[in-house]
Structures are given as C-alpha cells and as structure tokens.
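The primary structure of each chain is shown beneath.
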Amino acid sequence: EDCVSEVAIAFLSPTYDARWVYNTSTEKYLRYQNKKVQADAAGASITADTVIVQRVRAAVIDEVGRKRIETIGKGEATVFRNGYMIKGQWRKASRKDRTQFYDENNELIPLKPGKIWIEVVPQNVRVEIR
C-alpha cells in the first residue's frame with residue numbers, strides 16, 4: 001500500500017475534472033470538480049470513505065457522443081482507503097453479479113464501512129495520483 005493524498009481524473013478538462021483529496025482529520029476524501037468543492041443538492045460537500053477508480057473499455061456509439069461502457073468482465077482497479085492506495089483488479093461475471101475488487105495477490109480487498117464512490121474511468125482518461 002502506498003500513501004496517497006490526492007487523486008485527479010481528467011474526464012473532460014477542465015469542466016468535468018474530478019479530484020479527490022484525503023483529509024487526515026476526518027479520514028474522508030473530499031470531491032472537487034472544476035477546481036471547486038463539489039456539493040450535493042442540499043449544499044453539503046461530497047465526501048467518501050473509500051474511492052475506487054475502475055478502468056473500463058468504452059466506445060462512442062453515436063453522433064451525440066454517448067458511450068458504451070463495459071462493466072462486465074474484468075479490468076484494472078485502484079482502491080483508495082484511509083489515505084492509502086491498493087492496486088488491483090475489478091471483476092464482474094454477469095449483469096446480476098456484484099462488482100468485486102481484488103488486490104495484486106488475488107485477495108478480496110476489504111472496503112471501509114461508509115460511503116464508497118466508484119469512478120468508472122475509460123482507459124484513455126488520465127488519472128494522476130499524488
């Protein structure tokens with residue numbers, strides 16, 4: 001496990017750039033979008049106890065720009081929990097199965113109780129880890 005304080009995802013720069021910053025006092029990740037703290041409809045800051053970056057294959061399917069995103073199968077995943085990063089793999093056998101996350105030793109990664117945010121990220125999108 002490597003210590004990580006920030007995860008930045010360049011979805012559609014700069015408007016949809018997402019950034020998660022770990023706060024050691026609250027032991028939560030705070031979400032930023034377009035360089036501002038992102039809030040929910042009630043105005044509360046969006047936080048998560050665990051953030052997962054799930055890499056998927058994605059393809060544009062029409063002239064509007066909609067995408068087909070493959071979430072069945074397996075691929076690269078990185079779990080951020082308690083200020084640490086765990087590299088591994090996601091797996092989902094069928095539409096009805098639950099996605100599960102495994103570390104590099106093929107062990108199921110225990111997720112921290114609380115809010116879990118999964119960033120489903122196409123393989124060509126840049127992710128920076130600091």
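Data block above holds the structure.
The structure contained in this document is the topic of the report that follows. (Residues numbered from 1 in each chain as written. Predicted model: local features only at pLDDT ≥ 70, side-chain atom pairs only at ≥ 80, totals over all residues. Heavy atoms only, no water.)

**Re the pairing of strand 9 (residues 73-81)**
Part 1 of the argument: Across 5 bridges, the pairing between strand 7 (residues 50-60) and strand 9 is antiparallel. Counterpart to Val51 in the pairing with strand 9 is Phe80.
Part 2 of the argument: Of the strand pairs in this sheet, strand 9 and strand 10 (residues 84-92) are connected by 9 bridges, and their pairing is antiparallel. Bridge pairing in strand 10 places Arg81 opposite Tyr84.
Part 3 of the argument: Between strand 9 and the antiparallel strand that follows it, strand 10, lie 2 residues; Asn82 among them carries a positive phi value of about 55°. (Pairing = 2+ DSSP bridges. Helix = DSSP H or I, 4+ residues; strand = E, 2+ residues; numbered from the N terminus.)

**Some details on the side chain of Gln54**
Part 1 of the argument: In this fold, Gln54 is placed in strand 7.
Part 2 of the argument: Once you skip the residues sitting within four places of it in the chain, Gln54 turns out to touch Glu76, Trp90, Thr99, Phe101, Ile118, Glu119, Val120 and Val121. (Contact = heavy atoms within 4.5 Å.)

**Here we look at the packing of aromatic side chains**
Part 1 of the argument: In total, this model carries 2 aromatic pairs according to the counting rule given.
Part 2 of the argument: Their ring planes at 65° and their centres at 5.2 Å tell us that Trp20 and Trp117 sit as a pair that is edge-to-face. In this pair, Trp20 sits in strand 3 (residues 18-23) while Trp117 sits in strand 12 (residues 116-122), placing the two residues 97 residues apart along the sequence.
Part 3 of the argument: A relative accessible area of 0% means that Trp20 is categorised as buried.
Part 4 of the argument: A relative accessible area of 27% means that Trp117 is categorised as partly exposed.
Part 5 of the argument: An angle of 50° between the planes, with centres 4.8 Å apart, marks the rings of Tyr22 and Tyr29 as tilted.
Part 6 of the argument: Residue classification places Tyr22 among the buried residues on the basis of a relative accessible area of 14%.
Part 7 of the argument: Just above the ring of Tyr32 sits the side chain of Arg19; from NZ or CZ to the centre is 4.4 Å.
Part 8 of the argument: Between Arg91 and the ring centre of Tyr102, over which it is positioned, the NZ or CZ distance is 3.9 Å. (Phe/Tyr/Trp six-rings, centres within 6.5 Å; stacked < 30°, edge-to-face > 60°. Buried < 20%, exposed > 50% of the residue type's maximum accessible area, 1.4 Å probe, protein only. Lys NZ or Arg CZ within 6 Å of the ring centre and 35° of its normal.)

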